[in-house]
Amino acid sequence: MSETETATFAGGCFWCMVQPFETFPGIKKVLSGYTGGTVANPTYEQVKSQTTGHTEAVKIWFDPQVVSYQQLVELYWQQTDPTDAGGQFQDRGSNYRPVIFVNSEAQAQIARASRQALQDREQFTKPIVTKIEVAQPFYPAEERHQQFYRKNPARMAQQEAGGREAFIKQHWTQK
């Protein structure tokens, strides 16, 4: 039986963060949820109110024999605007802030080095502001939010059209 590790990333609306990871080789499971806040088992409505301190995030279970944490961090960057600390695309507020939540010092070192390499490439005119924080308890989101891209493709297309898709094409497709 192969080993499983976890990674947790926040990059705006968690609906938009599931598919890129779920369809990547070596991924066993991707779960939408909330992390980084002060309330146990928050609801979507509580998190959306920005009163709990939580961030929408995805928790990823992966096989490190197939995909490395480094590869996941690189994929993460390509789903976000790492220069926007106030949210992501049309989703504004602290509950949509970009964060890499690390489970170990090894993950922290990889994330910090990757963030510095991204900054050094000068791919963006603004500084990289994505935070790297120690993983906090992760609370799964309600079932209606899980695998949203499969359940609600039309709504998902509207969400992507809010700036994420265009940003990715502009900044990542030709890199």
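Residues numbered from 1 in each chain as written. Predicted model: local features only at pLDDT ≥ 70, side-chain atom pairs only at ≥ 80, totals over all residues. Heavy atoms only, no water.

**Side note on the overall build of the chain**
Here is step 1: The helix and strand tally for the chain stands at seven helices and eight strands.
Here is step 2: In terms of C-alpha radius of gyration, the chain reaches 15 Å, essentially the compact-globule figure of 16 Å for 175 residues.
Here is step 3: Judged by the C-alpha coordinates and their principal axes, the chain covers about 40 × 40 × 30 Å.
Here is step 4: Long-range pairs, those at least 24 residues apart, make up 76% of the contacts in the chain between residues at least 6 apart in sequence.
Here is step 5: Summed over its atoms, the accessible surface of the chain is roughly 8,500 Å², and 50% of this surface lies on carbon and sulfur atoms.
Here is step 6: Computed over 18 positive and 18 negative side-chain charges, the inter-centroid distance for the chain is 3 Å. (Helix = DSSP H or I, 4+ residues; strand = E, 2+ residues; numbered from the N terminus. Rg over C-alpha atoms; globule rule 2.2 N^0.38 Å. Contact = heavy atoms within 4.5 Å. Areas by Shrake-Rupley, 256 points an atom, 1.4 Å probe, with all protein chains shown as cover. Lys, Arg positive; Asp, Glu negative; His and termini not counted. Charge placed at Lys NZ, Arg CZ, Asp CG, Glu CD.)

**As for the pairing of strand β1 (residues 5-11)**
Strand residues, when the strand is regular, have side chains that alternate between the two faces of the sheet.
Here is step 1: In terms of burial, β1 is a largely internal element, six of the seven residues being buried.
Here is step 2: As paired strands, β1 and strand β3 (residues 55-62) are joined by five bridges and run antiparallel to one another. Residue pairing across strands places A7 opposite I60, the latter belonging to β3.
Here is step 3: Summarising the sheet, β1 and strand β6 (residues 98-102) pair through four bridges and their orientation is antiparallel. (Buried < 20%, exposed > 50% of the residue type's maximum accessible area, 1.4 Å probe, protein only. Pairing = 2+ DSSP bridges.)

**So, the confidence of the model for the chain**
Here is step 1: Residues of the chain with pLDDT of at least 70 account for 93%, and the chain-wide mean is 90.
Here is step 2: Predicted confidence in the chain is weakest over helix α6 (residues 153-160), with a mean pLDDT of 69, and strongest over β6, with 98. (pLDDT = per-residue confidence, 0-100.)

**Overview of the environment of T125**
Here is step 1: Structurally, T125 can be placed in the loop between α4 (105-121) and β7 (131-134).
Here is step 2: C-alpha of T125 to C-alpha of T83: the two residues are 42 residues apart in sequence and 8.8 Å apart in space.

**Looking at unusual backbone geometry**
Here is step 1: With phi around 60°, Q50 is a residue other than glycine that occupies positive phi space.
Here is step 2: Tracing the chain through its elements places Q50 in the loop between α2 (44-48) and β3.
Here is step 3: The backbone phi angle of E122 is positive, close to 55°, even though this residue is not glycine.
Here is step 4: Locating E122 in the fold gives a position in the loop between α4 and β7.
Here is step 5: The class for E122 is exposed, based on a relative accessible area of 66%.

**Notes on the sheet that holds β7**
Here is step 1: Across the sheet, which stays open at both edges, the six strands sit in the order β7-β6-β1-β3-β2-β8 with mixed pairing between neighbours. Either end of the sheet is taken by a strand with one partner, and the two such strands are β7 and β8 (138-140). Sheet twist, expressed as the mean angle between neighbouring strand axes with direction ignored, is 35°.
Here is step 2: The sheet contact formed by β6 and β7 spans four bridges and is parallel. Across the sheet, residue V102 finds its bridge partner in β7, namely V134. (Axes fitted to C-alpha atoms, helices over the stretch in contact; angles between N-to-C directions.)

**Remarks on the side chain of Q147**
Here is step 1: Among the structural elements, Q147 can be located in the loop between β8 and α5 (148-151).
Here is step 2: Within the structure, the side chain of Q147 is placed 2.7 Å from the side chain of E22, a separation counted as a polar contact.
Here is step 3: Side-chain polar atoms of Q147 contact the backbone oxygen of V30, separated by 3.1 Å.
Here is step 4: Excluding its chain neighbours within four sequence positions, the residues that come into contact with Q147 are V18, E22 and V30. (Polar contact = N/O pair within 3.5 Å; in protein donor to acceptor, adjacent residues only side chain to side chain.)

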